[in-house]
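Observations on chain architecture
These are the residues of each chain, in order.
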Amino acid sequence: MRGPAGLTRLRGAITAFFALDGFVFAGWVVRIPAIKEQTGASVSALGLALLGVSAGAVITMTLTGRLCRRFGSHPVTVVCGILLALSVALPPLTHSAVALGLVLLVFGAAYGGINVAMNSAAVDLVAALRRPVMPSFHAAFSLGGMIGAGLGALVAGSLSPTRHLLALTVIGLLVTALAGRTLLSHEPATPPERGPSHEERAPRRLDARTQGLVFVFGLIALCTAYGEGALADWGALHLEQDLRAHPGVAAAGYSCFALAMTIGRAGGTTLLERLGRTRTLVGGGATAATGMLLGALAPSVWAALLGFAITGLGLANIFPVAVERAGSLAGPSGVAIASTLGYGGMLLGPPAIGFMADWFSLPVALTSVTVLAALAALIGFGTRRAAVG
């Protein structure tokens, strides 16, 4: 599959999996309150159960890179897509926090697996297209999440969690069947001058410098994901508690951030072609740091919302670029390492903000997002020789 038409079909199929991932995950998230009530779990018990998603994802991410090397990223993406679609229907069938935590381990495993597998497939395609299109895949994920959350909010009053999430299963299986057919009928994309020989497909033994660079790009991903997790969990509370925003306006805080991130990723390819990876990383980190400083310390709600939007624009393309660079250096293993570190940052953000808010205040705690965004910019500048362009 070397022709432009084949690459276009492959790009469409991979994009569909990114959108499906965001759509299914957001659909699950909006039903958490209803499932909490159904299981009768306390807040602390629910928190422990939700760790199942994180634990399953992190464990699987560390293994999926090896599976992609052995079986190929395309089959692994399809299998994980099927598992994701099936497992999202399980939470409403539980009636205790323990049972919920166990099924969320399965859901988290599928979620972590598909993230590594589809990003690995995307890295191969980016190399074959010779265009920095990685942000467009992550834009599809963000858009899928927005659609999934929006539809979930609309049907929450009319559909039970069981019916809603079962509908997500049906949609997920249909999308996987259609997009998966394209993935399974094509080998992973390869650059024009490289053939898919056995030697080139064999796992590369990484030297210490390459391993170090992969972890550095993973650290950049962590800094970005930390901000996403922090704003998702604490943005609305900051607007309502510290700035006395109406609950409806406060709820729109994360929407402003997510919409700005989606727009930023949609234009990410053009940005990368004009500025290159290094300037995109540095500029994005600096923009996010400035935006979050405004969002955290602004004296008015609308200034804070503007800060959240600027933060989303700044962070939009840092994670995709970091994952793509790690994957180009170390293949699926590089993607796995960067994704695991990035996901770890998303997990670290909310509790870290909570502890700092107790020690200082929530606005001061949110400035940690500024610090890490600035750190991502500095690291991006420091890796400019490894990320030429």
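Nothing here was measured: the structure is a model prediction, and the numbers come from that model.

What counts, and where the lines are drawn
- Residues numbered from 1 in each chain as written.
- Predicted model: local features only at pLDDT ≥ 70, side-chain atom pairs only at ≥ 80, totals over all residues.
- Heavy atoms only, no water.
- Helix = DSSP H or I, 4+ residues; strand = E, 2+ residues; numbered from the N terminus.
- Rg over C-alpha atoms; globule rule 2.2 N^0.38 Å.
- Buried < 20%, exposed > 50% of the residue type's maximum accessible area, 1.4 Å probe, protein only.
- Contact = heavy atoms within 4.5 Å.
- Areas by Shrake-Rupley, 256 points an atom, 1.4 Å probe, with all protein chains shown as cover.
- Salt bridge = Lys/Arg side-chain N within 4 Å of Asp/Glu carboxyl O.
- pLDDT = per-residue confidence, 0-100.
- Phe/Tyr/Trp six-rings, centres within 6.5 Å; stacked < 30°, edge-to-face > 60°.
- Disulfide = S-S within 2.5 Å.
- Axes fitted to C-alpha atoms, helices over the stretch in contact; angles between N-to-C directions.
- Parallel < 35°, antiparallel > 145°, perpendicular 65-115°, else oblique.
- Left-handed = near helix turned anticlockwise from the far one by under 90°.
- Nonpolar A, V, L, I, M, F, W, Y, C, P; charged D, E, K, R; others polar.
- Patch = residues over 30% accessible without salt bridge, like charges linked within 9 Å, V, L, I, M, F, W, Y side chains within 5 Å.

Topic: the overall build of the protein
What the protein contains, in helices and strands, is 14 helices and 0 strands. Ordered by position from N to C terminus, the α and β elements of the protein give α-α-α-α-α-α-α-α-α-α-α-α-α-α. Its C-alpha radius of gyration of 20 Å places the protein within 12% of the 21 Å reference for a compact globule of 389 residues. Each principal axis of the C-alpha distribution contributes one length, and for the protein these read about 60 × 45 × 35 Å. The proportion of buried residues among the 389 residues of the protein is 52%. Taking contacts inside the protein between residues at least 6 apart in sequence as the whole, the part at least 24 apart equals 85%. Carbon and sulfur atoms make up 68% of the accessible area of the protein, which totals about 16,700 Å².

Let's talk about unusual backbone geometry
Even without being a glycine, R130 presents a positive backbone phi close to 55 degrees. Structurally, R130 is set in the loop between α5 (97–129) and α6 (134–155). Relative accessible area serves as the criterion here: at 56%, R130 is assigned to the exposed category. Phi at R244 takes a positive value of approximately 60 degrees, unusual for a residue other than glycine. Assignment of secondary structure puts R244 in the loop between α9 (208–242) and α10 (247–266). R244 gets classed as exposed once you look at its relative accessible area, which sits at 67%.

A closer look at the pattern of salt bridges
As a working rule, side chains carrying opposite charge can pair if their charged atoms are close by. By the definition in use, this model includes 3 salt bridges. Residue E273 pairs with R131 through a salt bridge whose shortest N-O separation is 2.7 Å. Of the two residues, E273 sits in helix α11 (residues 268–297) while R131 sits in the loop between α5 and α6, which places them 142 residues apart along the sequence. On the basis of relative accessible area, E273 is assigned to the partly exposed category, the value being 42%.

Points about the confidence of the model for the protein
Averaged over all residues, the pLDDT of the protein is 88; the fraction at 70 or higher stands at 93%. When mean pLDDT is compared element by element in the protein, helix α4 (residues 73–87) scores highest at 97, while helix α8 (residues 198–201) scores lowest at 41. Contacts for the low-pLDDT stretch residues 195–204, under 50 throughout, to residues beyond four places or in other chains number 15 contacts.

Quick notes on the environment of L362
Along the polypeptide, L362 turns up in helix α14 (residues 362–382). In this structure, the C-alpha to C-alpha distance between L362 and L7, residues 355 residues apart in sequence, is 47 Å. When sequence neighbours within four positions are dropped, the list of residues in contact with L362 reads W234, L237, H238, Q241, D242, I353 and A357.

Comments concerning the packing of aromatic side chains
Under the counting rule described, the total for this entry stands at 6 aromatic pairs. The interplanar angle of 25 degrees and the centroid separation of 6.2 Å between the aromatic rings of F355 and W359 together place this pair among those described as stacked. Residue F355 and its partner W359 are both found in helix α13 (residues 318–359); the two are separated by 4 residues, about one turn of the helix. Residues F355 and W359 agree in their burial class; the two are exposed. Clustering of aromatic rings is evident, with ring pairs tying together F25, W28, F107, Y111 and Y343.

As for the state of the cysteines
All chains considered together, the criterion is met by 0 disulfides. Of all cysteine sulfurs, the one in C80 lies closest to C68, which takes part in no disulfide; the gap is 7.6 Å. Under the relative-accessibility criterion, C80 is labelled buried at 9%.

Overview of the side chain of T39
Mapping T39 onto the fold places it in helix α2 (residues 32–39). Excluding residues that lie within four positions of it along the chain, T39 makes contacts with T94, H95, S96 and A97.

Remarks on the packing of α5 against α13
Contact geometry for α5 and α13: axes closest at 9 Å, N-to-C directions at 155 degrees. Taken together, the axes of α5 and α13 lie roughly antiparallel to each other. Seen from above, α5 lies across α13 with right-handed handedness. On α13, the residues touching Y111, V116, N119, S120, V123 and V126 of α5 are V323, E324, G327, S328, P332, V335, A336, S339 and Y343. Of the residues in the contact of α5 with α13, the class split is 9 nonpolar, 5 polar and 1 charged.

Things to note about a nonpolar patch on the surface
A grouping of L90, L93, V98, L102, L105 and V106 is seen on the molecular surface, where their side chains present a nonpolar patch of about 530 Å² in accessible area. Note on placement: V98 falls in helix α5. Judged by its relative accessible area of 63%, V98 falls in the exposed class.

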